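Structure at a glance
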Amino acid sequence: MLRISYILQSKINQLVPLFADFLKAYPEVRIELDMSDRLSALATEGFDLAIRHTARPPDTHVAWALCATESVLVATRTYLRKHGEPQAPSDLQAHNCLHYPRSQDTPAWTFESRQPSDEDERITVPVKGNLAANNSEALREAALTGAGIALLPDFSAQAALRQGKLVRVLPDWKPVGAFAETIYAIRPYAPHVPRAVTALVDALRKGLVQGFS
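Notes on the structure follow. It should be emphasised that the depicted structure is a prediction, and the values quoted were computed from it without experimental measurement.

Scanning the protein for helices and strands turns up 5 helices and 12 strands. Expressed as a percentage of its 213 residues, the buried residues of the protein come to 45%. In the protein, the proportion of contacts linking residues at least 24 apart, taken out of those at least 6 apart, comes to 78%. For the protein, the exposed surface amounts to about 11,300 Å²; the carbon and sulfur share of it is 49%.

All right, on to unusual backbone geometry then. Phi is mostly negative for residues that are not glycine, and the peptide bonds are mostly trans. The phi dihedral of Leu170 falls on the positive side, at around 50°, and the residue is not glycine. Looking at the secondary structure, you find Leu170 in the loop between β10 (167-168) and β11 (173-176).

Here we come to the pattern of salt bridges. Counting across every chain of the model gives 7 salt bridges. Between Glu70 and Arg168 there is a salt bridge, and its shortest N-O distance comes to 3.4 Å. Residue Glu70 is found in the loop between β4 (61-68) and β5 (71-75), and its partner Arg168 is found in strand β10; the two are separated by 98 residues along the sequence. Residue Glu70 is classed as partly exposed on the basis of its relative accessible area of 24%. The closest approach of N and O atoms between Arg122 and Glu112, which form a salt bridge, is 2.3 Å.

The next thing to look at is the environment of Ala185. Following the sequence through the fold, Ala185 ends up in strand β12 (residues 182-188). Judged by relative accessible area, Ala185 falls into the buried class, the value being 0%. Between the alpha carbons of Ala185 and Ala63 there is a distance of 5.7 Å; along the sequence they are 122 residues apart. Excluding residues within four positions of it along the chain, Ala185 makes contact with Leu49, Ala50, Ile51, Val62, Ala63, Trp64, Leu66 and Val201.

Further remarks concern the packing of aromatic side chains. Under the counting rule described, the total for this entry stands at 2 aromatic pairs. The ring of Phe47 has Arg3 sitting right over it, with the charged end atom 4.2 Å from the ring centre.

Our focus in this paragraph is the pairing of strand β7 (residues 108-113). In this sheet, strand β8 (residues 122-126) lies alongside β7 in antiparallel orientation, the contact comprising 5 bridges. Bridge pairing links Ala108 to Pro126 in β8. The pairing of β7 with β11 spans 4 bridges and is antiparallel. For Thr110, the partnering residue across the bridge sits in β11 and is Val176.

It is worth spelling out helix α3 (residues 136-144) at this point. Every buried residue of α3 is accounted for by Ser136, Glu137, Leu139, Arg140, Ala142 and Ala143. The distance from a side-chain oxygen at the start of α3 to the backbone nitrogen of Glu137 is 2.9 Å, and the residue carrying that oxygen is Asn135. Positioned one or two residues after α3, Gly146 has a phi angle of 85°, which is positive.

Read across the sheet, 3 strands follow the order β8-β7-β11 without closing on themselves; strand pairing throughout is antiparallel. Looking at which strands have only one partner, the edges of the open sheet turn out to be β8 and β11. Strand-to-strand twist of the sheet, defined as the mean angle between neighbouring strand axes without regard to direction, takes the value 35°.

Below, the discussion takes up the side chain of Thr110. Along the chain, Thr110 turns up in strand β7. For Thr110, a relative accessible area of 18% puts it in the buried group. Polar contacts involving the side chain of Thr110 include one to the side chain of Thr124, which spans 2.8 Å. Leaving out residues up to four positions away in the same chain, Thr110 has contacts with Arg122, Ile123, Thr124, Lys174, Pro175 and Val176.

Reading the values: the criteria
- Residues numbered from 1 in each chain as written.
- Predicted model: local features only at pLDDT ≥ 70, side-chain atom pairs only at ≥ 80, totals over all residues.
- Heavy atoms only, no water.
- Helix = DSSP H or I, 4+ residues; strand = E, 2+ residues; numbered from the N terminus.
- Buried < 20%, exposed > 50% of the residue type's maximum accessible area, 1.4 Å probe, protein only.
- Contact = heavy atoms within 4.5 Å.
- Areas by Shrake-Rupley, 256 points an atom, 1.4 Å probe, with all protein chains shown as cover.
- Salt bridge = Lys/Arg side-chain N within 4 Å of Asp/Glu carboxyl O.
- Phe/Tyr/Trp six-rings, centres within 6.5 Å; stacked < 30°, edge-to-face > 60°.
- Lys NZ or Arg CZ within 6 Å of the ring centre and 35° of its normal.
- Pairing = 2+ DSSP bridges.
- Polar contact = N/O pair within 3.5 Å; in protein donor to acceptor, adjacent residues only side chain to side chain.
- Axes fitted to C-alpha atoms, helices over the stretch in contact; angles between N-to-C directions.

Nothing here speaks to function; it is all geometry.
What follows is the structure in structure tokens.
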């Protein structure tokens, strides 16, 4: 049995079908999912694998990059019609920005220009808003009510964007530094990796890349 620690709640609709397809191909394997963030306890609690959205996997673990992600700035059309659509990052200071709380006293978002002529342009903008949450799904749900502009990992916003419930804000600017840019499969270092683990990692990598294409 493979025990997997998994906390990407917003990707559950993508990952569970991949697990199901894997089990059809490997009927002798059983999978147990644990929705927790206890990376330090992977070895002691007998987990074979963890799925994490992180900038830097721990040096004591083996990590396989599954897919790249990016941060996106989103809002509803209703909010933008009522409050106006920002044309530049500085315009965000006049908006209700739904943000992920960080250690800094004043929330700030950093952007890089996507325009070839402005490749080196980067700007950091202090933002304010009436809701901060350390959960991207909570920020997404608030944005869906028209409460403000939210900065989210793309996998949190993907379905709502595809359905037209949310739209991208400032598409010519790339948010940087807000969230990690890679989803990893991680396991404690060991001299031998079970074949079922490597087969599952390969299946997840292929499935997630197709899901983001």
